[in-house]
Amino acid sequence: MQRGKALSPTYSRKQSCAPFPQPSDPASGRKPMSGIARWCFRHRFIVIGGWLLLLAVLAGGVRAAGGSSFSEEYTLPGTESTQAAELLATEFDRTSGDTSTIVLHATSGKVTDPAVKADVNRMLAEVAAVPEVGAVAGPFDPKGSAQISRDGETAYATVTFTEQSQSLDTGNIEQVVDLGSKLRGDALRVEFGGKAIGELDKPSTSSSELIGILAAAIVMLFAFGSLVAMAIPLIAAVLALGSAIFAIDLLTQVMSVPGTAPIIAAFIGLGVGIDYALFIVARYRNGIRAGLSPQEATVAAMNTSGRAVIFAGGTVAVAMLGLLILGFSILSGIGLSAAIMVAFAIAVAVTLLPALFGLFGTRVLSRRQRARLKREGPSEAQASSRWARWAGFVQKRPVPLTIMATVVMVVLMIPFFSLRLGSSDAGNNPPDTTTRQAYDLLANGFGPGHNGPLQLVAKVPSPQAATDFTRLGREIGTVRGVSSVRTPPATPAATVRTMQVIPTQSPQSKQTSDLIDTLRDRVIPAHEEDGLTVYVGGQTAVHKDFASELSGKMPLFVTIVVVLGCLLLMLAFRSVLIPLTAAVMNLLSAGAGFGIVVAVFQWGWGSSALGAGPAGPVESFLPPMMLAVLFGLSMDYEVFLVSRIHEEWLHTGDNNLAVRRGQAATGQIITAVAIIMICVFTAFLFVGMRMIAEFGLGVAVAILLDALVVRTILVPAAMQLFGKWNWYLPKAIDRILPHVSVEGPVDAPTGGERAHAAPPADDRSPILIDKRGA
């Protein structure tokens, strides 16, 4: 039998692997993690104190810098919306900032009643005196009749700030809200809309983070059966999380970082921080059970699982840094923040964990396990028999299982092909927020388009150009999809004119997006004569331009991330097929995750039940962020699975046996970390922000499919079908690539000692089955 021959006493690695080049293990005889692990173990209190000191220093730095300074600025140079904003800023300095609305609704009587009118005018005069308020246009001004609904029950005032929302003092925004709120009573509702007001509506994420931590604690307690073993990964993750958050706060002082960046980074940090610590703790526990001293068990854990964590974490960080390629400051801030979080998770894993092992020693085992170790002596932990049986099942049926799994993934991908990028409007905000209530009042009283008017800004160097601009306004009023056109008064000598176009549909609707294209491509060019130049701007146009610019750069971004991932896997496993297979499988997982997001949020199959409002476009930020995170995390699973298979391949030279043993040894650990990740990212759904909910659901679904379909069926089945070709690497490439060992030192088998050996110990799994019972 071929398998028996491969494991016979006459086994030769050279004979078995030819013509598939296998490098000599560069790690044999030297263990780079040993020195760090031993030092941290022996100087445990210095290491723990050093991390606490670093946390205090970072916190002090944030306080000295005056706190964080997050920015939601979109940098879209060259786009029409940016040119419109720049032209406004040069000509109308005090009225070029964000515009908010104060919506008034009479629950009895009319808003035009003399008493209500007097109170509103007095309040608006006080609002106009607030710092950073550039202009206030009330419904009872001489030209404000259009700001009163036909039934007289609803009216609104516009408040134009001197700066964009990210640059405004929060105290001034709150003062505007406080002044308007004083008019609230039984007869009058007062609500507030606009981007600046929306910044005050952002919910806290602390409860969602707590949900993720509690879920992870339950999974680890079930897996380890020890409070200490459960606590160590949590301590590591929380310390990394705190340090990284303070570092991100400092980052906001030197570059644009959006307010969503620390939220996304925190959940990524919790997930990878707990998972990386879990891998190392599991290996340390196995070392203790095998009879090693705490120090030697620490060194063994860091030289195996610790090395894999560094490689896997590095791939996640590099994938997140890929967001910088897109050239958008807001995405660069998210990517760099997430990379900082992952870097802290790695640093904590390789330094703090050895120190904690030195502190807790054998208490990582439960009392029952310690008693058995003392009573019966060391024991080898065995791979789960359940996963061993499943690995054998997959190995016997690779073709039908591959077909079925692929069909499932492709079906889930179908909605992805109708993906429409954009930006949700306040109509998707939680119903109890003032921005959502203001949106609903305006939509009911005036039409949904009043929540996102388009702003046309024109250069009019001559009287004829001004006349053309006026004629353009009349024609736009007849365009399909336009509810009304408003042209504010301007002096005859003004060289810049503005016009407000109210769409018939909501800001996030496809009809409004099409209207912008119609104005830019067909209507406006026909009137740009005699030096007249017109730009379509406003927040709705900004979001459309961002989606268009991002869509144009996505193919390059996907290509770079995929190629980089393939190169890293090729470097790790000296293979051509493994990286290519991983790239295809990662794209399948990401596509299925996007398919679910489109079905839920764009098609509306459950978005309201999740508190994310009605159907709407998928946030433009989502594709690059999800792809970066998913490719990084999928690489984690690929590294932990294939590194164990590669280790068995180096031991035996038998591909079939290596695949079966590798899957049996890692199935439980991948499932455990996937459950933790799914719990953490599912907690995004409870944050109360649509974009965060989309991200959380998409990543959670993709991780679920990646762990239960891709790593459980598709990867083992593909490696079974490819056989020894899994490990083929052309000699020319082999000579160029540096040698990197992910799985640590691997000794070649001697004689027939492995021929009848039991399956290898599950050195990366916290859920183990001992021959003598749990």
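**What about the overall build of the protein?**
Alright, step 1. Scanning the protein for helices and strands turns up 25 helices and 10 strands.
Alright, step 2. Burial status across the protein gives 57% buried among its 774 residues.
Alright, step 3. The contacts in the protein between residues at least 6 apart in sequence include a share of 82% that link residues at least 24 apart.
Alright, step 4. Carbon together with sulfur atoms contributes 61% to the accessible area of the protein, which is approximately 30,500 Å² in total.

**A closer look at the pattern of salt bridges**
Alright, step 1. Scanning the model with the defined rule gives 16 salt bridges in all.
Alright, step 2. With a shortest N-O distance of 3.1 Å, Asp514 and Lys510 are connected by a salt bridge. Placement of the pair is Asp514 and Lys510 together in helix 19 (residues 510-523), with a separation of four residues, close to one helical turn.
Alright, step 3. Arg574 serves as the salt-bridge partner of Asp734, at 2.7 Å between the closest nitrogen and oxygen. With Asp734 in helix 25 (residues 731-736) and Arg574 in the loop between helix 20 (539-573) and helix 21 (577-602), the pair connects residues that are 160 residues apart, well separated along the chain. Here Asp734 matches Arg574 in class, with each residue buried.

**Describing unusual backbone geometry**
Alright, step 1. At Glu132, a position not held by glycine, the phi torsion is positive, near 75°.
Alright, step 2. Its location among the elements puts Glu132 in the loop between helix 6 (114-128) and strand 2 (133-137).
Alright, step 3. Judged by relative accessible area, which is 23%, Glu132 ranks as partly exposed.
Alright, step 4. For Arg574, which is not a glycine, the phi torsion comes out positive at approximately 50°.
Alright, step 5. A residue is classified by how much of its surface remains accessible, and Arg574, at 2% relative accessible area, is buried.

**Here we look at the packing of aromatic side chains**
The description of an aromatic ring pair rests on the distance of the ring centres and on the angle between the ring planes.
Alright, step 1. Per the stated rule, a full pass over the model turns up 12 aromatic pairs.
Alright, step 2. The interplanar angle of 65° and the centroid separation of 5.5 Å between the aromatic rings of Phe416 and Phe417 together place this pair among those described as edge-to-face.
Alright, step 3. Since its relative accessible area comes to 28%, Phe416 is described here as partly exposed.
Alright, step 4. Taking the centre distance of 5.6 Å and the plane angle of 15° together, the rings of Trp649 and Trp727 count as stacked.

**Regarding the packing of helix 10 (residues 227-251) against helix 13 (residues 329-360)**
Helix packing for two helices is described by the angle between their axes and how far apart those axes are.
Alright, step 1. Interaxial distance between helix 10 and helix 13 falls to 8 Å at its minimum, and their mutual angle equals 145°. The two elements helix 10 and helix 13 cross, and the hand of that crossing is right-handed.
Alright, step 2. Its residues assigned to classes, the contact of helix 10 with helix 13 shows 23 nonpolar, two polar and no charged.

**Overview of the sheet that holds strand 4 (residues 188-193)**
Alright, step 1. Reading across from one edge, 2-3-1-4 is the order of the four strands in this open sheet, with antiparallel pairing throughout. Lying at the two open borders of the sheet, with one neighbouring strand each, are strand 2 and strand 4. Strand-to-strand twist of the sheet, defined as the mean angle between neighbouring strand axes without regard to direction, takes the value 20°.
Alright, step 2. With four bridges connecting them, strand 2 and strand 3 (residues 154-161) associate as antiparallel partners. Across the sheet, residue Ala137 finds its bridge partner in strand 3, namely Thr158.
Alright, step 3. Here helix 7 (residues 170-181) sits on the sheet in contact with strand 1 (99-106), strand 2, strand 3 and strand 4, set at roughly 165° to strand 4.
Alright, step 4. Set on the sheet, helix 17 (residues 434-446) makes contact with strand 1, strand 3 and strand 4; between it and strand 4 the angle comes to about 110°.

**Things to note about a nonpolar patch on the surface**
Alright, step 1. A cluster of nonpolar side chains, contributed by Val399, Ile403, Val407, Val411, Ile414, Leu721, Phe722, Trp725 and Tyr728, occupies part of the molecular surface with about 840 Å² of accessible area.
Alright, step 2. Among the elements of the structure, helix 16 (398-413) and helix 24 (690-722) are those that each provide at least two residues to the nonpolar patch.
Alright, step 3. Looking at the nonpolar patch element by element, the count peaks at four residues for helix 16.
Alright, step 4. By the secondary structure assignment, Ile403 is in helix 16.
Alright, step 5. The exposure class of Ile403 is exposed, given its relative accessible area of 51%.

**Some thoughts on the sheet that holds strand 6 (residues 454-459)**
Alright, step 1. As summarised here, the arrangement of the four strands in space is 7-8-6-9, forming an open sheet in which the pairing is antiparallel. Every interior strand has two partners, whereas the edge strands, strand 7 (482-486) and strand 9 (533-537), have only one. Geometrically, the sheet is characterised by an average inter-axis angle of 25° between neighbouring strands, direction not taken into account.
Alright, step 2. As paired strands, strand 6 and strand 8 (residues 496-503) are joined by six bridges and run antiparallel to one another. When the bridges of strand 8 are listed, Gln455 appears paired with Gln500.
Alright, step 3. Packed onto the sheet, helix 5 (residues 80-91) meets strand 6, strand 8 and strand 9 and runs at close to 110° relative to strand 9.

**Comments concerning the confidence of the model for the protein**
Alright, step 1. Residue-level pLDDT values for the protein average 82, and 88% of them are 70 or greater.
Alright, step 2. Low pLDDT, under 50, characterises residues 1-30; the stretch is placed with 58 contacts to residues that sit more than four places away or in other chains.
Alright, step 3. Every residue in residues 746-774 is under pLDDT 50, and counting partners more than four places away or in other chains gives 89 contacts.

**Some remarks on the environment of Asp151**
Alright, step 1. Following the sequence through the fold, Asp151 ends up in the loop between strand 2 and strand 3.
Alright, step 2. Asp151 gets classed as partly exposed once you look at its relative accessible area, which sits at 39%.
Alright, step 3. In sequence terms Asp151 and Gly445 are 294 residues apart; their C-alpha atoms lie 8.1 Å from each other.
Alright, step 4. A polar atom in the side chain of Asp151 sits 2.9 Å from the backbone nitrogen of Glu153.

**Overview of the nonpolar core**
Alright, step 1. Counting 167 residues, the largest nonpolar core has Leu331, Phe681, Phe695 and Ile703 as the members making the most contacts within it.
Alright, step 2. Per-element tally for this core: the top contributor is helix 24, with 20 residues.
Alright, step 3. Aside from chain neighbours lying at most four places away, what touches Phe695 is Ile264, Leu622, Met625, Met626, Val629, Phe681 and Phe684.
Alright, step 4. By size, the runner-up hydrophobic cluster in this structure holds 26 residues, among which are Ile102, Val127, Ala155 and Val176.

**Looking at the side chain of Ser243**
Alright, step 1. Along the chain, Ser243 turns up in helix 10.
Alright, step 2. Note on Ser243: relative accessible area 0%, which makes it buried.
Alright, step 3. In this structure, Ser243 is in contact with Trp51, Leu55, Leu58 and Phe344, ignoring residues within four places of it in sequence.

**Looking at the packing of helix 6 against helix 7**
Alright, step 1. In the contact formed by helix 6 and helix 7, the axes pass within 9 Å of each other and the chain directions differ by 170°. Relative to helix 7, the element helix 6 is oriented roughly antiparallel. Where helix 6 crosses over helix 7, the handedness of that crossing is right-handed. Between helix 6 and helix 7, the contacting residues are Met123, Glu126 and Val127 on the first element and Val176, Leu179 and Gly180 on the second.
Alright, step 2. Looking at the contact of helix 6 with helix 7 residue by residue, the classes come out as four nonpolar, one polar and one charged.

**Some words on helix 20**
Alright, step 1. Relative to the 51 Å expected for 35 residues at 1.5 Å per residue, helix 20 spans 48 Å between its end C-alpha atoms, a close match to the ideal helical length.
Alright, step 2. At Lys553, helix 20 shows its strongest bend, of approximately 40°, with the proline Pro555 following within four residues.

**A short note on the pairing of strand 4**
Alright, step 1. With five of its six residues buried, strand 4 lies for the most part within the structure.
Alright, step 2. Here strand 1 runs beside strand 4; their pairing, made up of six bridges, is antiparallel. Bridge pairing links Thr101 to Gly193 in strand 4.

**A closer look at the environment of Gly565**
Alright, step 1. Along the chain, Gly565 falls in helix 20.
Alright, step 2. When the C-alpha atoms of Gly565 and Ser634 are compared, they prove to be 10.0 Å apart, with 69 residues separating the residues in sequence.

Rules of the game
- Residues numbered from 1 in each chain as written.
- Predicted model: local features only at pLDDT ≥ 70, side-chain atom pairs only at ≥ 80, totals over all residues.
- Heavy atoms only, no water.
- Helix = DSSP H or I, 4+ residues; strand = E, 2+ residues; numbered from the N terminus.
- Buried < 20%, exposed > 50% of the residue type's maximum accessible area, 1.4 Å probe, protein only.
- Contact = heavy atoms within 4.5 Å.
- Areas by Shrake-Rupley, 256 points an atom, 1.4 Å probe, with all protein chains shown as cover.
- Salt bridge = Lys/Arg side-chain N within 4 Å of Asp/Glu carboxyl O.
- Phe/Tyr/Trp six-rings, centres within 6.5 Å; stacked < 30°, edge-to-face > 60°.
- Axes fitted to C-alpha atoms, helices over the stretch in contact; angles between N-to-C directions.
- Left-handed = near helix turned anticlockwise from the far one by under 90°.
- Nonpolar A, V, L, I, M, F, W, Y, C, P; charged D, E, K, R; others polar.
- Pairing = 2+ DSSP bridges.
- Patch = residues over 30% accessible without salt bridge, like charges linked within 9 Å, V, L, I, M, F, W, Y side chains within 5 Å.
- pLDDT = per-residue confidence, 0-100.
- Polar contact = N/O pair within 3.5 Å; in protein donor to acceptor, adjacent residues only side chain to side chain.
- Core = buried A, V, L, I, M, F, W, Y, C linked by side-chain atoms within 4.5 Å.
- Parallel < 35°, antiparallel > 145°, perpendicular 65-115°, else oblique.
- Expected span 1.5 Å × (residues − 1).
- Bend = angle between axes of the 7 residues up to and from the residue.

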